[in-house]
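Survey of secondary and tertiary structure
Listed below, chain by chain, are the residues.
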Amino acid sequence: MNPKSASHFWVRCPSLRILAGVTLAALLAGCTGFGGDISLPANAPRVIGPDRDRDHIRLVRAFGGEGRAPQLQQMLTDVTNRLVMATDRPDEAFQVTILNSPVVNAFALPNGRLYVTRGLLALANDTSEVAAVLSHEIAHVTLRHASQRSELQARSDLIERVAENVLNDAEEAAMAQSQARSTLASFSRTQELEADQTGVKVLARAGFDPYGAPRFLTALGRSGTSSDTSTAERNASHPRTDDRVSRALQAARRTGMQGTGETGRLAYLTALDSLAYGDDPADGVVKGRRFIHSRLGVAFEAPDGFTLENTSQAVLGSSGDGERRLLFDAADTPEGQSLEDVLRSTWTDTVEPGTLTTGMVNGLPVVTALSNGKEWTFRLSAIRIGNTTYRLIMATRGNRGDLEGIFQQTLNSVRQVQPDEARRIRPLKLQVVTAQRGDTAQTLAARMPVDRALEKFLLLNGLDRNAALKVGERYKIVVE
């Protein structure tokens, strides 16, 4: 969570603007995994240049800035150049950027800019797997998917406007809008599968192991990226991961390159060694249900059953069933503005009359309120620590009786972090180790200072729970 950020750029994982006017859609939305392009105008220039630098800067800021990994950056650039030469458009310009985000994600802009998060890089286990991701994103660009989708959206918008304004028929307009969403969702699923198929072909032409694509898609599915945040929008616009794996396997078999393509495991793990892992301490750290920000000096703990995600602009939380949500961020407010005015000015829905109350939590001034939406009920709070004002917002679908309890429990956990505690927070990184005789998944995982260490060790290394380690083989662990 970076309270100095003022960007509001909607990409595949919408973050919350840390300014006045938080939207309910942002609070109640989720993130998705790799496999898509970001639509810009259909006539966007096809080369990388200053006209599109603003889009690049805004996007990088939304994902926590650029990741600093020179050896890995050079490898990705070399892989990208090699893949481009194997496409049907070898004259097009592409440039890859590492994003400083632990979220597993990759995407492309129509002008040839490619993006991969360090979270995705940590999940991959060899060069061919990362090459498969890049090949997929390059395919989105060379197949002109963004401009096609923009054109289809424009036609759908026109139909909707005609139905609503010319025919003056709200029901017909709603039907047209529903049909447009269905068409666009289908169009997007088709694009994802087409990019998968084209990506595997290019992967093989470039000499990489084409089976890197289904391997990474399998890892993506195991990571929970496709299931933990499976919102209705995600399900409507993307094919199922197991379907993508099956089709990618078929495409890989058609290349006839089983066992002959380059995997580049050693080179990739060598470049990956020491890459930052998890949250950037500069933007706060999530440890299980706890969030702590050493630089800002604030911490809180979510209720049982909640999973927290620290984006560059807010901490988002959700219960396992998705029926309860949480948001914690820093409000960019004018100097001297009261906490009551903070809530009124930064919450776009109606605050219920008579529900604004003032108090203290762990020695900190706080104001709370209630807001009732059509489907969701919200408990709002503004807390001041020094010169910074924070907002904690809890939401439950419908008028659930447990909202007040989980809200008060979470609010009571908000506290100021003292300097000595802040100094003890150390960043995490990946370390590549060689398995010795007697090493097991359990013994290596025991060296990792993270929650659910064994589960994360298996995921990072693409291993099944009962898999035996190979003496002399290299594996990824997380260390301080």
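This report concerns the structure included in the present document. (Residues numbered from 1 in each chain as written. Predicted model: local features only at pLDDT ≥ 70, side-chain atom pairs only at ≥ 80, totals over all residues. Heavy atoms only, no water.)

**Observations concerning the pattern of salt bridges**
Counted under the stated rule, the structure contains 22 salt bridges. Arginine 215 serves as the salt-bridge partner of glutamate 129, at 3.2 Å between the closest nitrogen and oxygen. In this pair, glutamate 129 sits in helix α5 (residues 127-142) while arginine 215 sits in helix α8 (residues 212-222), placing the two residues 86 residues apart along the sequence. Looking at glutamate 129, the relative accessible area reads 6%, which means it is buried. For the salt bridge of glutamate 301 with arginine 289, the shortest nitrogen-to-oxygen distance reads 3.2 Å. (Salt bridge = Lys/Arg side-chain N within 4 Å of Asp/Glu carboxyl O. Helix = DSSP H or I, 4+ residues; strand = E, 2+ residues; numbered from the N terminus. Buried < 20%, exposed > 50% of the residue type's maximum accessible area, 1.4 Å probe, protein only.)

**Some points on unusual backbone geometry**
In this structure, serine 274 takes a positive phi of about 80° despite not being glycine. Of note, serine 274 is situated in the loop between α11 (265-272) and β4 (276-277). Looking at serine 274, the relative accessible area reads 43%, which means it is partly exposed. At arginine 452, a position not held by glycine, the phi torsion is positive, near 50°. Examined against the element boundaries, arginine 452 turns out to sit in the loop between α15 (441-445) and α16 (453-460). With a relative accessible area of 53%, arginine 452 lands in the exposed category.

**As for the side chain of threonine 368**
Mapping threonine 368 onto the fold places it in strand β12 (residues 364-372). Looking at threonine 368, its side chain comes within polar contact range of the side chain of threonine 357, at 2.7 Å. Those residues within four positions of threonine 368 in sequence are excluded, and the remaining contacts are Leu343, Thr355, Leu356, Thr357, Arg379, Leu380, Ser381, Phe407 and Leu411. (Polar contact = N/O pair within 3.5 Å; in protein donor to acceptor, adjacent residues only side chain to side chain. Contact = heavy atoms within 4.5 Å.)

**A short note on the environment of arginine 447**
Assignment of secondary structure puts arginine 447 in the loop between α15 and α16. Contact partners of arginine 447, with chain neighbours within four places excluded, come to Gln431, Val433, Ile477 and Val478.

**Notes on α5**
Between its first and last C-alpha, α5 extends 22 Å over 16 residues, near the 22 Å set by a 1.5 Å rise per residue. Within α5, 16 of the 16 residues are buried, leaving the element largely enclosed by the surrounding structure. (Expected span 1.5 Å × (residues − 1).)

**Thoughts on the sheet that holds strand β17 (residues 474-479)**
Taken in spatial order, the three strands make up an open sheet running β4-β16-β17, and their pairing is antiparallel. Across the chains shown, the open sheet's two edge strands, defined by having one partner strand only, are β4 and β17. Here α11 sits on the sheet in contact with β16 (428-434) and β17, set at roughly 15° to β17. Running at roughly 140° to β17, α16 makes contact with β4, β16 and β17 of the sheet. (Pairing = 2+ DSSP bridges. Axes fitted to C-alpha atoms, helices over the stretch in contact; angles between N-to-C directions.)

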